[in-house]
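# What the coordinates show
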Amino acid sequence: MSKRSILIQGGKVFDPSQGIRGEERDVLIVDGKIETLEIPGNLTSGNADETILAQNQWVFPGLIDMHVHLREPGLEYKETIASGTLAAVAGGFTSVACMANTLPVNDTAIITAFIKARAKENGHCRVFPIGAVTEGLNGEALSEIGGMVEEGAVAISDDGMPVMNSLVMRRAMEYAKNFQIPVISHAEDYHLAQGGIINEGKMSLELGLPGNPSAAEEILVAREIALCRLTGCSVHIAHVSSKLAVDLIRRAKAEGLPITAEVTPHHLILTDAAVKGYNTYCKMAPPLRSEEDRMAVLEALADGTIDVIATDHAPHAEVDKNQEFEKAPNGIIGIQTALSKTFELVQKEHLSPMRWIESLTQKPAEILNLPHGSLKKGMAADFALFDPQALWNYEERTNLSKSLNSPHLGEKLQGLVTSTWIEGRRVYEQGK
Ligand SMILES: [Zn+2]
């Protein structure tokens, strides 16, 4: 059988893994793999079975979201692997890593295998399960880490629930190091944060809502750094939101510790002022913080102290979110809008295009040891085409997640993914 080839012609390619910064390149894909990136003129449509014209579009390696909640098994009324990965490919993502707080919790090899099988059957993109640190996220007994890794778990995390017992966390890091996977920490002191539903500060006073102080985050980030130093395990701090936590991470990195970190689009864009209308679509853990914190995480992303943008895509149904602010669960969706929302930061020159794309491709691939996030020769041809000029309305009609809990619903956004490809196969086409 002859090998099938596709030429993506005339697009501007951004590939941080090769230092290609928005230069015009024609991309030739043969048999699902990247064959070559050529300057214009070297390849013609005669070189390929199919030619895609990508004038005025940007070409990225397929984006990788290392922090999503797909809710399957058990919470399919909020999201399924099918609906969550459909929203992902519409957002330019070709790989997602899903957190373990499903029902049952992904704390055994069987659940990990189930998620992989469902993703293969129903998924629109690659799905990499993250196993639980402890059984049922109980914070005490270690889960079946080896078995989960064998079935394809790429990291362990009790995300949603902090592991408060430092000895348990130490043992988890020792195991994880053996299996050469990172531990992802939801760094929030459970006792100190408890009851707090908004950032503790001026806004919590003004609104009369109980505060969750950024100290809750800083305490656990400091502990994770100490345990990282003790064990030598790779430790990744999820959804960093506080200025002092950033300072701690910066110092740990300067020391040479294997610490990495992520920030969500909402912590980059919004502050606790957004909670003013008691909108439950602005309630998450950690909470939206002050403008000073927001500027600090943005600067840290720009200078590489924070490695990754990850969405913490956390679907909740109307029945969950449509209650009093105090009672509504934490979390918002964001995988479909992440690229457009963070593109605002690029347009305002808070973030260079290269750091932006690196934080969504090469960096998460490195942290999770995935052979993706690059357009080098021989890599699986996972990529997305992006029209930086296109405007689109993010609304119920265009939202592809099963849930609607986004604070950006109803906004007009700039920058649109026009198609997404995995192994040279078009898995999403805008408007189709
Ligand atoms: Zn979390």
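Above this text you will find the structure in question.
Within the structure shown, the criterion is met by twelve aromatic pairs. Between phenylalanine 14 and tryptophan 58, the aromatic rings sit 4.8 Å apart at their centres with planes inclined by 50 degrees, giving tilted as the arrangement. Note that phenylalanine 14 is positioned in strand β1 (residues 5-15) and tryptophan 58 in strand β5 (residues 58-61), a separation of 44 residues in sequence. These aromatic residues form a ring-pair network of at least three members: Phe14, Trp58, Phe60, Phe343, Trp356 and Phe386. Looking at lysine 283, its charged tip hangs above the ring of phenylalanine 325, at a distance of 5.9 Å from the centre.

In contact at an axis separation of 9 Å, helix α7 (residues 214-231) and helix α8 (residues 243-254) are set at 10 degrees when each is read in the N-to-C sense. It follows from the interaxial angle that α7 and α8 lie roughly parallel. By crossing handedness, the relation of α7 to α8 is classed as right-handed. Taking contact as the criterion, the partners of Glu217, Glu218, Val221, Ala222 and Ile225 in α7 are, on α8, Leu244, Ala245, Leu248, Ile249 and Ala252. Per-class residue counts for the contact of α7 with α8 are eight nonpolar, no polar and two charged.

On to the coordination of the zinc ion. Any two of four tetrahedral donors ideally make an angle of 109.5 degrees at the metal, while pairs among six octahedral donors ideally make 90 or 180 degrees. Protein ligation of the zinc ion involves Asp159 (OD), His186 (ND1) and His239 (NE2), the donor distances falling in the range 1.9 to 2.2 Å. Along the chain, the residues donating to the zinc ion fall in the pattern D-x26-H-x52-H. Of the two residues, histidine 186 sits in the loop between β10 (183-185) and α5 (190-193) while histidine 239 sits in the loop between β13 (235-237) and α8, which places them 53 residues apart along the sequence. For the pair formed by histidine 186 and histidine 239, the shared burial category is buried.

If you trace the backbone, leucine 220 turns up in helix α7. Given a relative accessible area of 3%, leucine 220 falls into the buried group. Once residues within four sequence positions are removed from consideration, leucine 220 is found in contact with Pro162, Val163, Met164, His186, Ala187, Glu188 and Asp189.

For the bond from glutamate 72 to proline 73, the omega torsion is 10 degrees, close enough to zero to count as cis. Within the secondary structure, proline 73 sits in the loop between β6 (63-68) and α1 (81-90). A cis amide bond links leucine 103 to the next residue, proline 104, at an omega of -5 degrees. Structurally, proline 104 can be placed in the loop between β7 (93-98) and α2 (109-122). Backbone geometry places leucine 137, a non-glycine residue, at a positive phi of 55 degrees. By relative accessible area, which is 13% here, leucine 137 ends up buried. Here glutamate 423, not a glycine, exhibits a phi torsion of approximately 50 degrees, which is positive. Mapping glutamate 423 onto the fold places it in the loop between β17 (411-422) and β18 (425-429). Assessed through its relative accessible area of 45%, glutamate 423 is described here as partly exposed.

Turning next to α1. Across the ten residues of α1, eight count as buried, placing the element largely inside the fold. Every buried residue of α1 is listed here: Ile81, Ser83, Gly84, Thr85, Ala87, Ala88, Val89 and Ala90. Among the structural elements, β7, α2, β8 (126-131), β17 and β18 are those in contact with the buried residues of α1. Of the residues trailing α1, glycine 92 is marked for its positive phi of about 90 degrees.

Thresholds applied
All residue numbers refer to positions counted from 1 along the written sequence of the respective chain. Per-residue local features are limited, in this predicted model, to residues with pLDDT of at least 70; the limit for side-chain atom pairs, both in listing and counting, is 80 or more; totals at the level of whole chains, interfaces and linings are taken over all residues. Hydrogens and water molecules were not included; the side-chain quantities draw on all heavy atoms of the structure. Note on aromatic contacts: the rings of Phe and Tyr and the six-membered ring of Trp form a pair at centre separations within 6.5 Å, being stacked when their planes are under 30 degrees apart, edge-to-face when over 60 apart, and tilted otherwise. Helix and strand assignments follow DSSP, with helices taken as H or I runs no shorter than four residues and strands as E runs no shorter than two, numbered in order from the N terminus. Two limits define a charge over a ring: the Lys NZ or Arg CZ must be within 6 Å of the ring centre, and within 35 degrees of the ring normal. As a rule, the C-alpha atoms of each element are fitted with a line to give its axis, helices using only the stretch in contact, and angles between N-to-C directions run from 0 to 180 degrees. For classification purposes, an angle smaller than 35 degrees is called roughly parallel, one larger than 145 roughly antiparallel, one from 65 to 115 roughly perpendicular, and anything else oblique. Left-handed describes a crossing whose near helix is turned anticlockwise from the far helix by less than a right angle; the clockwise case is right-handed. Note on contacts: a residue pair qualifies if any of its non-hydrogen atoms lie within 4.5 Å across the two residues. Side-chain classes are defined by residue name, with Ala, Val, Leu, Ile, Met, Phe, Trp, Tyr, Cys and Pro counting as nonpolar, Asp, Glu, Lys and Arg as charged, and the others, Gly among them, as polar. Metal coordination here is assigned from N, O and S atoms located within 2.8 Å of the ion, or within 3.2 Å for Na, K and Ca; omission of water means that sites may look incomplete. Only protein chains enter the area calculation, which uses a 1.4 Å probe; residues under 20% of their type maximum are buried, those over 50% are exposed, and those in between are partly exposed.

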